[in-house]
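Coordinates in review
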Protein chains: 2
Amino acid sequence: MSNPEDPESALESRGSVPVSAPTGRPRSEEAHKAILNATVELLAEVGFSGLTVEGVAQRAGVGKATIYRRWPSKVPLVVEAYGRLPGMEDVDTGCLADDLKGMLKGYLEAFARTPLSALLPSLAGERAHNAELAKVFDPISIERRRPLMRALERGVARGEIAPEIDLDLAADMIVGPIAVGLFFKGGRIQPKRVGPMVDLALAGLGIRE
Amino acid sequence: MSNPEDPESALESRGSVPVSAPTGRPRSEEAHKAILNATVELLAEVGFSGLTVEGVAQRAGVGKATIYRRWPSKVPLVVEAYGRLPGMEDVDTGCLADDLKGMLKGYLEAFARTPLSALLPSLAGERAHNAELAKVFDPISIERRRPLMRALERGVARGEIAPEIDLDLAADMIVGPIAVGLFFKGGRIQPKRVGPMVDLALAGLGIRE
DNA sequence: CGCTTACGATACACAACGTCTCGTAAGCGG
DNA sequence: CCGCTTACGAGACGTTGTGTATCGTAAGCG
């Protein structure tokens, strides 16, 4: 929609079957990875607003044109780098509370290992007034919470969650305290707080008789 | 505290008693207000990252120096503008659920009337990698959720919340879904969702026998 | 071998930042 | 009333980063 006449749109180039005959020198996959790695590194060091395309080019050892050939601006580049960071990993123990606690603890550990905790607020802040970014950011966000949704659906199937509960709202309640801590308090959520958090949320969601 | 040797620090100048003899032409309070109003207006239109000091100066009808004389950079200016926007207003009906629903609905209406929904993600995103901003942003955030904390404390006093509950975590759970919607979905929370949200959270927080 | 496209490097115009300097305006103390 | 001091609006200035364009070179394909 934004660029219908460009068959080499950055997001579509992930497809495995090139539509047009790829003549000429192929794009260097090595440079591609170097750029994304440099982006992740620099995001961890200086954050989104401190990130410069020139800095990425220098760190990656590529020319600026090589970056702009792949991404039209800083925002889609950062979005793709964001997509490469780890999300929630599904944990299936047979008990909803343990699933959720395991998933959230794993996710919080990923926050410590990667620049996720700097990236998420930065992207969310940009998203708020950048419709183009929102269009690519939102599907990635939905994809990332899919393991959480699956765990909740398993909980419904097992009878651990009342069937009339709005699972989307339930998911928001589960991750809500993490989001609040991340956005307003600097992401300093202790993993030991995950237990009470989940228990509190579940007591509201579960069937009581 | 943050700048002990500068008696004219922007945040401290709100004090009513000037310490040093104010010789020379006094700063125009009119220009001060015009700058803050222009900042709020422009934030609503272009967001934080689209806001330029030159744009604010033009909209307010002042020179750039008049802005830089009061605020060292864009960030503290936006923080002060943020502080002028409405926060949660305390509602005391005698029933915790009604208090919370009333407060959240009122807050969501403020989101529609003001650039709050653009400002909060932008500031939070900047906060994540800007320690100087975090230092002034965090106290304002704590201050803004104080009515919510008071309502929860009333709930404890009335026996509507179990006394062992961590009220800070409870507050995070209450506003969590709003934060998630604001940061990841564009702030489109329908006021009619407030009811189920509060009921769900309270069922987890309340005393059950 | 020639065609095509990508490569790293760098020059370029543009925009915004934050500093500075104009000439002027406003309050205060003598 | 007059000089001192500081603030005012306006805008020039150097700096930095953006995104585009242009080098000469490199790599795959026919």
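Residues numbered from 1 in each chain as written. Chains lettered and ligands numbered in written order. Predicted model: local features only at pLDDT ≥ 70, side-chain atom pairs only at ≥ 80, totals over all residues. Heavy atoms only, no water.

Some thoughts on the overall build of chain A
When its secondary structure is counted, chain A shows 10 helices and zero strands. In sequence order, the secondary structure elements of chain A are arranged as α-α-α-α-α-α-α-α-α-α. Taken across its 209 residues, chain A has 48% of its residues classed as buried. Looking at chain A alone, contacts between residues at least 24 apart form 66% of all its contacts between residues at least 6 apart. (Helix = DSSP H or I, 4+ residues; strand = E, 2+ residues; numbered from the N terminus. Buried < 20%, exposed > 50% of the residue type's maximum accessible area, 1.4 Å probe, protein only. Contact = heavy atoms within 4.5 Å.)

Focus on the protein's contact with DNA strand D
Inspection of the region around DNA strand D gives 24 residues, with A:Glu54, A:Lys64, B:Thr66, B:Arg69 and B:Arg70 positioned closest. Atoms of DNA strand D within 4 Å of the protein belong to the sugar or the phosphate in 68% of instances, the rest to bases. In this structure, B:Thr66 approaches DNA strand D through a side-chain N or O atom, which is 2.5 Å from a phosphate oxygen. One nitrogen or oxygen atom from the side chain of B:Arg69 is found 2.6 Å from a phosphate oxygen belonging to DNA strand D. Contributions of two or more residues to the surface near DNA strand D are made by helix H2 (53–60) and helix H3 (64–70) of chain A together with helix H3 (64–70) of chain B. (Near = heavy atom within 4 Å. Polar contact = N/O pair within 3.5 Å; in protein donor to acceptor, adjacent residues only side chain to side chain.)

What about the nonpolar core?
General note: in soluble globular proteins, nonpolar side chains tend to be found buried as a group. Core analysis: the biggest nonpolar cluster contains 134 residues, and A:Ile67, A:Leu100, A:Leu123, A:Leu148, B:Ile67, B:Leu123 and B:Leu148 have the highest contact counts within it. Not counting residues up to four positions away in its chain, the partners in contact with A:Ile67 are A:Ile35, A:Val53, A:Val56, A:Ala57, A:Val62 and A:Leu77. (Core = buried A, V, L, I, M, F, W, Y, C linked by side-chain atoms within 4.5 Å.)

A look at the protein's contact with DNA strand C
In the vicinity of DNA strand C lie 23 residues, with A:Gly24, A:Thr66, A:Arg69, A:Arg70 and B:Lys64 positioned nearest. Sugar and phosphate atoms represent 68% of those atoms of DNA strand C found within 4 Å of the protein. A:Arg27 has a polar side-chain atom sitting 3.2 Å from a phosphate oxygen of DNA strand C. A total of four residues in the surface near DNA strand C trace back to one element, the largest contributor, which is H3(A).

A few points about the interface of chain B and chain A
Of the residues lining the interface, 43 residues belong to chain B; the matching set on chain A comes to 43 residues. Approximately 3400 Å² of surface area, both sides summed, lies buried where chain B meets chain A, with 66% of it carried by carbon and sulfur atoms. Counting the contacts that link chain B with chain A gives six salt bridges. A salt bridge links B:Lys185 to A:Asp168, with the shortest nitrogen-to-oxygen separation between them at 3.3 Å. (Buried area = accessible area lost by both parts, 1.4 Å probe. Salt bridge = Lys/Arg side-chain N within 4 Å of Asp/Glu carboxyl O.)

Notes on the relation of the copies chain B and chain A
Its rotation angle being 180°, the transformation that places chain B on chain A also includes 0.0 Å of axial translation and leaves an RMSD of 0.1 Å. Taken together, the rotation angle and the small translation identify this as a two-fold axis. (Least-squares fit on C-alpha atoms with pLDDT ≥ 70 in both.)

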